[in-house]
Structures are given as C-alpha cells and as structure tokens.
Amino acid sequence: MDLSRETTVKEIALSNPGARQILEDAGIDYCCGGEKSLRQACLKANVVDSEILRRLRQNIDRVDPHEFEWMSAPLAKLTQHIRERHHQYVRDSIPRVRSLLAKIREKHQSNHCELRDIEKLFGDVAREMLMHMQKEEQILFPYIDALERASKGDGAIEPPFFQTVKNPIYSMLKEHDSVGDLMRQIRTASNGYKAPADGCASYQAAYQGLEEFEKDLHLHVHLENNVLFPRAVGLEGAVTT
Ligand SMILES: [Fe+2]
Ligand SMILES: [Fe+2]
C-alpha cells in the first residue's frame, strides 16, 4: 500500500487492525471521518502527521487477510456479523453501563458533578443506538440482503418505499455522526475515561465500560460506513440498471 499524508483515513483503516489501533490511539476519527486525508485528520485531532505516518509505515505491511474478507465476502455474511457481533454487544452493554453510571452518580455526585452529564449523555447514546439498530435490522439490512440475492438471480427486487438505498444510508450516516459526537462529549467530560483518585472500583468499571463501548462503536461504524454502505450502493447500481 502506498501511504502518504494524502491517503484517506478510510483506506488506512481498511488495511489492518494494527493501523486502526494507531488511529484509535491518536484520537483520529476513522469511521465517520473516513473520507478525510491523513493530513486533514491529524490536523483535526491535533496530532503531528509525520509521527502518525512513521508509526503507520512500520505497521502497514502487516496485512491481515481476514480484513480484506469483508471487502469481498457476501454482504449477507457482513450484515449477519454486524448484527451478531456489534448490535448484540451494544444491547448487552447498555444496561450494564447504565447501572454502573447510576451507581457511581449516586455515590460520587457531590464531588463529581460531571457524572450527571455523563449519565444523561449515555442515556441519549442508548436511546439513539437502539432505534438506529432497529432501523438497520428491519429496513436497511434486509434490503441489502435482497439486493444481493437478486444479483445472483435469486428473486426479483421490488422498488423500495425509500426509492434508493442511498436514502436510508444517508440517514444512518447522520445518526452515526450524532452518536459519535455524543461519545466524544462523554470522553471529554470523563477526562478521557480516567477515573479520579477518589473513584471506587465501580467508577473504574463504568469508565472502562464506556471506553470499550466507544471503541466497539468505532469498529462497528467503520464496517458500515467504509465497507457495507459503499458496497450496497454499488450493488444496487448493478442490479437495477
Ligand atoms: Fe449497525
Ligand atoms: Fe449503523
């Protein structure tokens, strides 16, 4: 892979998990901001691009063949993976993290008023994500799966009420931006998920839960924004022309 400051973050993120980890550690948005060049993304994240480029160059040839699987795997396999791995993770994590946040807010809010904001912000994340995933599972993913079956001559595709797959994808992209922004606010309010010196074990567990939630969300949104959605748009073009 030819890597320069002008390579898009999306291309880098697609190359291997190590490259994604470098972006993640540097606070570079590789899922919603995937179309930006590395130079623009580093500027936004306020990090030095030459240093990130150096780290990426050390890593970039360690390509994981599994990564490329998603660029060519059946889309039904990818939608199933997203549902079973990421949507299920979100559904399992929400009640656990919310209950930890409620517990530490009750105990520590007199010294840490930010806990009220964090609890409220995560409540918004939970509400938005549960509705968002329901739309993907009930409307968008079944249509993508049907497009793929039609492309293989297995059934015809009915014109959808949303006209083209680009319309629900547009809404999903907006919703990804919104929830990504809420998680950034939580990251800031929690001082980068660092529990304070007077924080108890539940405090640590709540912040660790939030950090893992954000990390999983980045991978989840990357698979949708950078792999599934562009492939679905291409497939629709091929099936309907
Ligand atoms: Fe999703
Ligand atoms: Fe999504």
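So, how was this worked out
Residues numbered from 1 in each chain as written. Chains lettered and ligands numbered in written order. Predicted model: local features only at pLDDT ≥ 70, side-chain atom pairs only at ≥ 80, totals over all residues. Heavy atoms only, no water. Axes fitted to C-alpha atoms, helices over the stretch in contact; angles between N-to-C directions. Helix = DSSP H or I, 4+ residues; strand = E, 2+ residues; numbered from the N terminus. Parallel < 35°, antiparallel > 145°, perpendicular 65-115°, else oblique. Left-handed = near helix turned anticlockwise from the far one by under 90°. Nonpolar A, V, L, I, M, F, W, Y, C, P; charged D, E, K, R; others polar. 1 Å grid on protein atoms, 1.4 Å probe; cavity = no way out; pocket = protein on both sides within 12 Å on 5 of 7 lines; lining within 4 Å. Points joined across faces, edges and corners; volume = space filled by probe spheres on them. Donors = N, O, S within 2.8 Å, 3.2 Å for Na, K, Ca; no water. Tetrahedral: all angles 85-135°; square planar, octahedral: opposite > 155°, others 65-115°.

**Student:** Break down the packing of helix 6 (residues 75–108) against helix 9 (residues 201–240) for me, citing the residues and quoting the values.
**Tutor:** One can describe the packing of helix 6 onto helix 9 by two numbers: an axis separation of 9 Å at closest approach and a directional angle of 155°. When the axes of helix 6 and helix 9 are compared, the pair comes out roughly antiparallel. Crossing hand, helix 6 versus helix 9: left-handed. In the contact of helix 6 with helix 9, the residues fall into 21 nonpolar, nine polar and seven charged.

**Student:** Residues and numbers for the layout of surface pockets, please.
**Tutor:** If you add up the space inside the largest pocket, you get close to 410 Å³. Residue assignment for the lining of the largest pocket shows that the elements contributing at least two residues are helix 3 (38–45), helix 8 (166–189) and helix 9. Top element by residues in the lining of the largest pocket is helix 8. It accounts for six residues. Of the residues that constitute the lining of the largest pocket, the class distribution is 11 nonpolar, five polar and seven charged. Here the second largest pocket is characterised by a volume of approximately 200 Å³. In this structure, the second largest pocket is lined by 14 residues; those nearest its centre are E35, I169, L173, N225 and F229. If you list the elements that add at least two residues to the lining of the second largest pocket, you get helix 8 and helix 9. Residue composition of the lining of the second largest pocket, grouped by class: eight nonpolar, three polar and three charged.

**Student:** Outline the coordination of the iron ion (ligand 1), supporting the account with residue identities and numerical values.
**Tutor:** Of the protein atoms, only H87 (NE2), E136 (OE), H220 (NE2) and E224 (OE) coordinate the iron ion (ligand 1), at distances of 2.0 to 2.2 Å. In this structure, the iron ion (ligand 1) is surrounded by four donor atoms whose angles at the metal cover 88 to 165°, and the resulting shape is irregular. Read N to C, the donor residues that coordinate the iron ion (ligand 1) are spaced as H-x48-E-x83-H-x3-E. In this structure the iron ion (ligand 2) is found 3.2 Å away from the iron ion (ligand 1), and E136 serves as a bridging donor for the pair. Taken together, the positions of H220 and E224, both in helix 9 and four residues apart, correspond to about one turn of that helix.

Note that every value here comes from positions in space, so none of it alone points to a role or purpose.
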